[in-house]
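Chain by chain, the residues:
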Amino acid sequence: MPVESATAVLPATATCDQARRSRDPRFDGLFFTGVHSTRIYCRPVCPAPYAKRVTYYASAAAAEAAGYRPCLRCRPELSPGDGAWRRGDAALARALTLIDQGALADAPLSVLAGRVGLGERQLRRLFVERLGAPPVGVHGTRRLLFAKQLLTETALPVTEVAMAAGFGSLRRFNTSFKDAYRMTPRELRRQPGAAAKTDGDTLVLRLGYRPPYDFPAMLDFLRGRALPGVESVGDAHYARVIAGTGDAPHGWLRISAWPGGEHALKLELHAPQAGRLLDIVQRLRRMLDLDADPQAIADALSNDERLRPLLQARPGLRLPGGWDGFEIAVRAVLGQQVSVAAARTLAARLAGRYGEPLPAAFGDGLEHLFPTPDALADADLSAIGLTRARADTLRGMARALLEGRVDFRAERTLDDFTAHWVALPGIGPWTAQYIAMRALGHPDAFPSEDLVLQKALPADGSRLTAKALSVRAGAWRPWRAYAVIHLWKDAMASTSHTTAAQSRATARKRARTPTHEADSP
C-alpha cells in the first residue's frame, strides 16, 4: 500500500499516552511529545517527569514548527527515522530520501517536486498532511538536529559543525540555531551533559535504532561477504576504509554496539572530513537498516504462516545494505549462479588488483579502496579468473554508470530502477532486484528467480517457480525484502544443521570402524 494512502500519521492517542508513560523504545521516532508548560518536545523514551498537558507530533519538524525546542535530556536528534515514511516507492518516501541526501541544500522545492513527479504545491501539501511540516521545515530541522548532535558529542569546531550540517556560512548557522533553539551553539556546549571530547583524530557518534535490533545477525551477514583489505568484520564490530574527496586523505570507520545496552550503535570515524559527515551517517543508517520499524514489518508479514515463526524467532532481523551502490552491483554480478564464498573470492581478487592502494594500511588490515567505475570500464579482467561474458558485463555496467544510463537515484521507483538495469547486457531480473535490495535498501525488492527462496518457502523439499513465488509474495508488500532476509537466514540455518548432522553421523560411523595402522595419520 503506498504511503500516501495511509490514513493516520500518528499512533492513536491512547497508544502514544501508554508508550510515553512506559517509555517504550519501540515507538522512538514514531512520534514526539510537545510539553505545554516548558515548550519543549521529547522522545517517547524521555526520562523527564510525566507531564499532564501535551500534544503529539508526527515529526520533529512538526514540533519545531509549532514552537517547541528539542529536549536536552532525551535529545530528539538521536531518534531513528520513521522508516514507514522514508522508504519505498511513494512520492513522500522518495522525497524524504532526497532531502536526506541534501536535495534542498542547493536547489528550490520545485526541483525536488519535479524529481518525484509532483507539483510544488502538491508536494508541500503532502508533507504537511503526513508529517505536519513542509519540506523546507523538514530539511531545516534535519540539519539543526545533526548540528546539535555534533555540538553535544564531539569537539569539532563550530565552523566545522556548520559545514557538516550543510550551512553555507557560520553566521547563517548561528542565526538559524539561535532562532530555533533560543541559544547559540557555544551556549549549548556549556550545557551539562555536553561531553565535547575526542580521541586524537577519532570522532565518535551514536547511531540510534528502534528495538529489537539483531546486530550479531547483521554482522554475520556482512562477515560472510567481507572483502579483505576493504572491510573487516570481527565478533562485535564492522570496519571499512572510506575514500577521501579532493585533496583530503582517506579515512576509515568502525561500528560496534553502544556500551551499556543503549539502543544505539557506536560509530568511530578516523580522519573524518566535516563536509562528508552527514553523508557518512546516512550511508551507514541505510546500510545497517537503522530506521526500520520492526513492529510494522512484523504486522504485515506475520499473516503468512510460513513467515510467522521466522519473525517470532528473529524479531530484530534487518535488511543488510551496502556502503556503495557500484560495489554492490559488482558483487551482484560476480555472485550470479555461484556460491557466496566463490563470489567473495572473485570480489577480493578484483578489489586487490584494481582498487586504489592506501599510502599506509589502517587498522583491521584495511589496505585499499574498492575499484571505481573508471578503474573497471576498460580493465582486462581475465587475470582474476572471470569468464569473458562476466568481464564484459562488469565493464559494460561501469560504462553505463559513467554515461548515466543507470544510476542509484532515490527518485526512481523500484520498477523504473530495475527496468534501467535489466536493459544492460548480462543483467537479469535477479541481479537488478538484488542491487535494489542491498544498494538502495528498498524494502520491497524481491528476487523471485532466487533458487534458495524458491526452495525455502515451501519448506517441504519442493520448489516453487518464480511466478508462483511472486504470487505468494504479493501479500507481503511493501516489505518483501524482509521476507527474503528471513527465508535466506532460515535456509542457512537449515543447511548448517544438516551439515552438522551429517558430520556427526560420519564420526559415529568411523568410531564403529576398527582403526588400522595404515589409516593412521
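All of these numbers come straight from a predicted model, not from anything done at the bench.

A. Geometry of the packing of aromatic side chains. Applying the stated criterion to the full structure yields 17 aromatic pairs. Centroid distance Phe-31 to Tyr-56: 5.3 Å. Interplanar angle 80°. Geometry classified as edge-to-face. You can see Phe-31 sitting in the loop between α1 (13–22) and β1 (32–35) and its partner Tyr-56 sitting in strand β3 (residues 54–57), a full 25 residues away along the chain. On the basis of relative accessible area, Phe-31 is assigned to the buried category, the value being 0%. Judged by its relative accessible area of 12%, Tyr-56 falls in the buried class. Ring pairs connect the aromatic residues Phe-167, Phe-173, Phe-177 and Tyr-181, which therefore count as one cluster. Above the ring of Phe-167, the side-chain terminus of Arg-143 is found at 4.0 Å from the ring centroid. For Arg-283, the ring lying beneath its charged end belongs to Trp-323, and the centroid distance is 5.1 Å.

B. Broad picture of the nonpolar core. Among the nonpolar cores identified, the biggest contains 126 residues, and Met-397 and Trp-421 are the most heavily contacted of them. Take this core: its biggest share by element is 8 residues, from helix α23 (residues 480–512). Those residues in contact with Met-397 that lie beyond four places of it in its chain are Phe-326, Ala-329, Val-330, Val-333, Trp-421, Leu-424 and Ile-427. Counting 22 residues, the second-largest nonpolar core is a separate cluster that includes Leu-92, Leu-109, Leu-112 and Ala-410.

C. Main features of the environment of Gln-18. Position of Gln-18 among the secondary structure elements: in helix α1. Overall, Gln-18 belongs to the partly exposed group, its relative accessible area being 49%. Here the alpha-carbon distance between Gln-18 and Asp-279, two residues 261 residues apart in the chain, equals 35 Å.

D. Here's a closer look at the UniProt feature "domain: HTH araC/xylS-type" (unreviewed entry) in the protein chain. Sites flagged by UniProt as "domain: HTH araC/xylS-type" (unreviewed entry) map to residues 93–191. With 71% helix and 0% strand, the stretch residues 93–191 has end C-alpha atoms that lie 35 Å from each other.

E. The arrangement of the sheet that holds β3 in detail. Strand order in the open sheet made by the 4 strands is β3-β1-β2-β4, with mixed pairing throughout. Edge positions in the sheet fall to β3 and β4 (69–70), since each has one partner strand and no second. As defined by bridge partners, strand β2 (residues 40–42) adjoins β4 across 2 bridges and the pair is classed as parallel. Bridged to Tyr-41 within β4 is Pro-70. Of the strands in this sheet, β1 and β3 are in contact with α1, which crosses β3 at around 105°.

F. Summary view of the sheet that holds strand β8 (residues 251–257). Read from one edge of the open sheet, 5 strands run β5-β9-β8-β7-β6, paired in antiparallel fashion. Looking at which strands have only one partner, the edges of the open sheet turn out to be β5 (202–208) and β6 (231–233). In this sheet, adjacent strand axes meet at a mean angle of 15° when their direction is disregarded. Strand direction decides the pairing type here: β5 and strand β9 (residues 264–270), joined by 7 bridges, are antiparallel. Bridge pairing links Leu-205 to Leu-267 in β9. Running over the sheet, helix α12 (residues 277–287) touches β5, β7 (237–242), β8 and β9 and is turned about 45° from β5.

G. Quick look at the side chain of Thr-418. In this structure, Thr-418 sits in helix α19 (residues 414–422). In this structure, Thr-418 is in contact with Ala-432 and Gln-433, ignoring residues within four places of it in sequence.

Reading the values: the criteria
- Residues numbered from 1 in each chain as written.
- Predicted model: local features only at pLDDT ≥ 70, side-chain atom pairs only at ≥ 80, totals over all residues.
- Heavy atoms only, no water.
- Phe/Tyr/Trp six-rings, centres within 6.5 Å; stacked < 30°, edge-to-face > 60°.
- Helix = DSSP H or I, 4+ residues; strand = E, 2+ residues; numbered from the N terminus.
- Buried < 20%, exposed > 50% of the residue type's maximum accessible area, 1.4 Å probe, protein only.
- Lys NZ or Arg CZ within 6 Å of the ring centre and 35° of its normal.
- Core = buried A, V, L, I, M, F, W, Y, C linked by side-chain atoms within 4.5 Å.
- Contact = heavy atoms within 4.5 Å.
- UniProt positions renumbered as here; feature names shortened; annotations may be inferred.
- Pairing = 2+ DSSP bridges.
- Axes fitted to C-alpha atoms, helices over the stretch in contact; angles between N-to-C directions.

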